[in-house]
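Secondary and tertiary structure notes
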Amino acid sequence: MIGQVAVRRFPALTVSTPRTEVRQLTAADAAAAGEIFADKLTRRWLPLPGDSGPIDGLAWCTDLARQRRDSGEGDHYAVVRREDDQVVGSLWTRRTDWGARLTEISYAMAASARGFGFAAEAVDAVAIALILEHGFQRVELRVAPGNLASRRVAEKAGFSYEGLLRNAGFVSGGRVDLELWSFVAADLR
């Protein structure tokens, strides 16, 4: 197998917390995902050019999720509020490095679900599952300075601040620095 690289499929993942369930997105989640990504505050922090059109909820939940999963790069998930089975957020993994056993988590929450701790609960549960059940050693979050809600999510989910990645990302307003937060296997001890 010289010159060939084995592609790993991202692991199937479903986690439950007292208030949420995180599961793979399905076509039935397309409308909720489209609404989450159409929200003005959400779009402010997404790595999209300011003039980009809406995110196609159906493609996000099906084709794009399948491509990311099959390539081994990550996956797309629904954050479901258990009390009423409503999709209140989307969480996705990306930038997976199988040699280093690390991945990055990103998320977006529905406007009606912000401020209730669902994002921190879901991110914490997924990070723990990736480490305990799937052998990851490091899970990262990257937060644009000024996105105080995401900084609070990182803190509440037990991530540690590592530093600033200068000019490492972009949002609708242009280039930005990114705060690097991590959760590692040793954090579980």
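Let me begin by describing the structure that accompanies this report. None of the values given here were measured: they were computed from a predicted structure. (Residues numbered from 1 in each chain as written. Predicted model: local features only at pLDDT ≥ 70, side-chain atom pairs only at ≥ 80, totals over all residues. Heavy atoms only, no water.)

1. Some details on unusual backbone geometry
The phi torsion of most residues other than glycine is negative, and most of the peptide bonds are trans. To keep it simple, the criterion reads: What counts as a helix is a DSSP run of H or I of at least four residues, what counts as a strand is a run of E of at least two, and both are numbered from the N terminus.
One non-glycine residue, Arg95, lies in positive phi territory at about 55°. For Arg101, which is not glycine, the phi dihedral falls at a positive 60°. With respect to the helices and strands, the residue Arg101 is situated in the loop between β4 (86-97) and β5 (102-109).

2. With respect to the side chain of Glu140
Worth spelling out the cut-off: Whenever two N or O atoms come within 3.5 Å, that pair is a polar contact, provided that in protein one can donate a hydrogen and the other can accept it, and provided that, for residues adjacent in sequence, both atoms are side-chain atoms. By definition, residues are in contact when any of their heavy atoms lie within 4.5 Å.
Relative to the helices and strands, Glu140 resides in strand β6 (residues 138-143). A distance of 3.1 Å separates the side chain of Glu140 from the side chain of Arg142, its partner in a polar contact. Those residues in contact with Glu140 that lie beyond four places of it in its chain are Leu102, Thr103, Glu104, Ile105, Phe159, Leu180, Trp181 and Ser182.

3. Quick look at the nonpolar core
The criterion, for reference: Nine residue types can take part in a nonpolar core, namely buried Ala, Val, Leu, Ile, Met, Phe, Trp, Tyr and Cys, and a core is a set of them joined through side-chain atoms within 4.5 Å. The rule is simple: take the accessible area with a 1.4 Å probe, protein chains only, and divide by the maximum for that residue type; under 20% is buried, over 50% is exposed, in between is partly exposed.
Among the nonpolar cores identified, the biggest contains 48 residues, and Leu91, Ile105, Val123 and Phe159 are the most heavily contacted of them. At 11 residues, helix α5 (residues 118-134) tops the list of elements feeding residues into this core. The residues touching Val123, leaving out its near neighbours within four places in the chain, are Leu91, Ile105, Tyr107, Leu141, Val153, Ala157 and Phe159.

4. So, the packing of aromatic side chains
Cut-off, in case you're wondering: Note on aromatic contacts: the rings of Phe and Tyr and the six-membered ring of Trp form a pair at centre separations within 6.5 Å, being stacked when their planes are under 30 degrees apart, edge-to-face when over 60 apart, and tilted otherwise. Over a ring means this: the NZ of a Lys or the CZ of an Arg is within 6 Å of the ring centre and within 35 degrees of the ring normal.
Tallying each qualifying case throughout the model produces nine aromatic pairs. Pairing Tyr161 with Trp181 gives two aromatic rings, centres 5.3 Å apart and planes at 65°, and the pair type is edge-to-face. Residue Tyr161 is located in strand β7 (residues 160-171), and its partner Trp181 is located in strand β8 (residues 174-184); the two are separated by 20 residues in the primary sequence. Residue class for Tyr161 comes out partly exposed when judged on its relative accessible area of 46%. Residue classification places Trp181 among the buried positions, given a relative accessible area of 5%. Aromatic ring contacts, followed pair by pair, group Phe10, Trp98 and Phe136 into a single cluster. Stacked on the ring of Phe136, the Lys or Arg Arg101 has its end atom at 5.1 Å from the ring centre.

5. What to know about the sheet that holds strand β3 (residues 75-81)
Formally: Two strands make a pair as long as DSSP finds a minimum of two bridges between them. Simply put, an axis is a line fit to the C-alpha atoms, just over the touching stretch for a helix, and the angle between two N-to-C directions goes from 0 to 180 degrees.
Here eight strands make up an open sheet; going across it, the order is β1-β2-β3-β4-β5-β6-β8-β7 and the pairing mixed. Both edges of this open sheet fall to β1 (15-16) and β7, since each of them pairs with a single strand only. As defined by bridge partners, strand β2 (residues 20-24) adjoins β3 across five bridges and the pair is classed as antiparallel. In the strand pairing of β3, Arg23 is matched with Ala78. Each of β1, β2, β3, β4, β5, β6 and β8 touches α5; the most contacted strand, β5, lies at about 160° to it. Those strands touched by helix α6 (residues 148-156) are β5, β6 and β8, and its axis lies near 10° from that of β8.

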